[in-house]
Amino acid sequence: MNDNAIKEPRQINMSYSEMTSKFRAVERMGEHLPGYIVFTADSFGLPYDERSRTYGLSSNSKAFQPNMGGYSIYGYCLDGTDPCVRLERYMAAEDGGKNGWKIERCYVMSDDLNRVAHLFKCERHHER
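Note that the structure is predicted; figures quoted are calculated from it, not measured.

Caption draft 1: The overall build of the protein chain, seen in detail. Per the secondary structure count, the protein chain includes two helices and six strands. When the helices and strands of the protein chain are listed from N to C terminus, the series reads β-α-β-β-β-β-β-α. Split into buried and exposed, the 128 residues of the protein chain put 39% on the buried side. Long-range contacts, defined here as pairs at least 24 residues apart, represent 56% of the contacts in the protein chain between residues at least 6 apart. In the form shown here, the protein chain has an accessible surface area of approximately 8,000 Å², with 48% of it arising from carbon and sulfur atoms.

Listed below in structure tokens is the structure:
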């Protein structure tokens, strides 16, 4: 492979806590970061493949923005069936309760993370 080859973005797995921390950090710096949550198969009453259990979301939801009056996390199902879902209402890790959707894994794409990586350095310096 030569140096001019296009690199495919890859998934960078992280915990929900890590993702929300990164989301809040980029929002404090005025940027946005997309991410994805895959919910466990047993979170649903019907069998769904992984694509149907994966929801895209962004740091620009109120839950991750500083000084917001509300708290919401909007997402969309990758299979196109749920285009605008208030995820915090369904997630066990948020307001969904003990029977809420459980997180199998979270990830961001490497290209997106690389695009905002400099902000995390600024954030760490700012916290000192």
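Having seen the model, we can carry on.
Caption draft 2: The environment of glycine 35, seen in detail. With respect to the helices, strands and loops of the structure, glycine 35 is situated in strand E2 (residues 34–39). Between the C-alpha atom of glycine 35 and that of tyrosine 55, which follows or precedes it by 20 residues, the distance is 8.5 Å.

Caption draft 3: Representation of the environment of cysteine 77. Note on placement: cysteine 77 falls in strand E4 (residues 74–77). Overall, cysteine 77 belongs to the buried group, its relative accessible area being 3%. Considered as a pair, cysteine 77 and arginine 53 are 24 residues apart in the sequence and their alpha carbons are 7.1 Å apart. Not counting chain neighbours up to four residues away, the residues in contact with cysteine 77 comprise Arg51, Ser52, Thr54, Tyr55 and Asp82.

Caption draft 4: Representation of the sheet that holds strand E6 (residues 103–109). A sheet is described by the order of its strands in space; here six strands give the open sequence E1-E6-E2-E3-E4-E5, paired in antiparallel fashion. Edge positions in the open sheet fall to strand E1 (11–14) and strand E5 (85–86), since each of these has one partner strand only. In this structure, E4 lies alongside E5, joined through two bridges in antiparallel fashion. Its bridge partner lying in E5, tyrosine 74 is registered against arginine 86. Seen against the sheet, helix H1 (residues 16–28) touches E1, E2, strand E3 (54–58) and E6 and runs at an angle of roughly 160° to E2.

Caption draft 5: Just the pattern of salt bridges, in detail. One pass over the structure, following the stated rule, counts five salt bridges. Across the pair arginine 105 and glutamate 50 runs a salt bridge, and its minimum N-O distance is 2.9 Å. A residue pair is termed long-range when its members are at least 10 positions apart, and arginine 105 in strand E6 and glutamate 50 in the loop between E2 and E3 qualify at 55 residues.

Rules and cut-offs
Residues numbered from 1 in each chain as written. Predicted model: local features only at pLDDT ≥ 70, side-chain atom pairs only at ≥ 80, totals over all residues. Heavy atoms only, no water. Helix = DSSP H or I, 4+ residues; strand = E, 2+ residues; numbered from the N terminus. Buried < 20%, exposed > 50% of the residue type's maximum accessible area, 1.4 Å probe, protein only. Contact = heavy atoms within 4.5 Å. Areas by Shrake-Rupley, 256 points an atom, 1.4 Å probe, with all protein chains shown as cover. Pairing = 2+ DSSP bridges. Axes fitted to C-alpha atoms, helices over the stretch in contact; angles between N-to-C directions. Salt bridge = Lys/Arg side-chain N within 4 Å of Asp/Glu carboxyl O.

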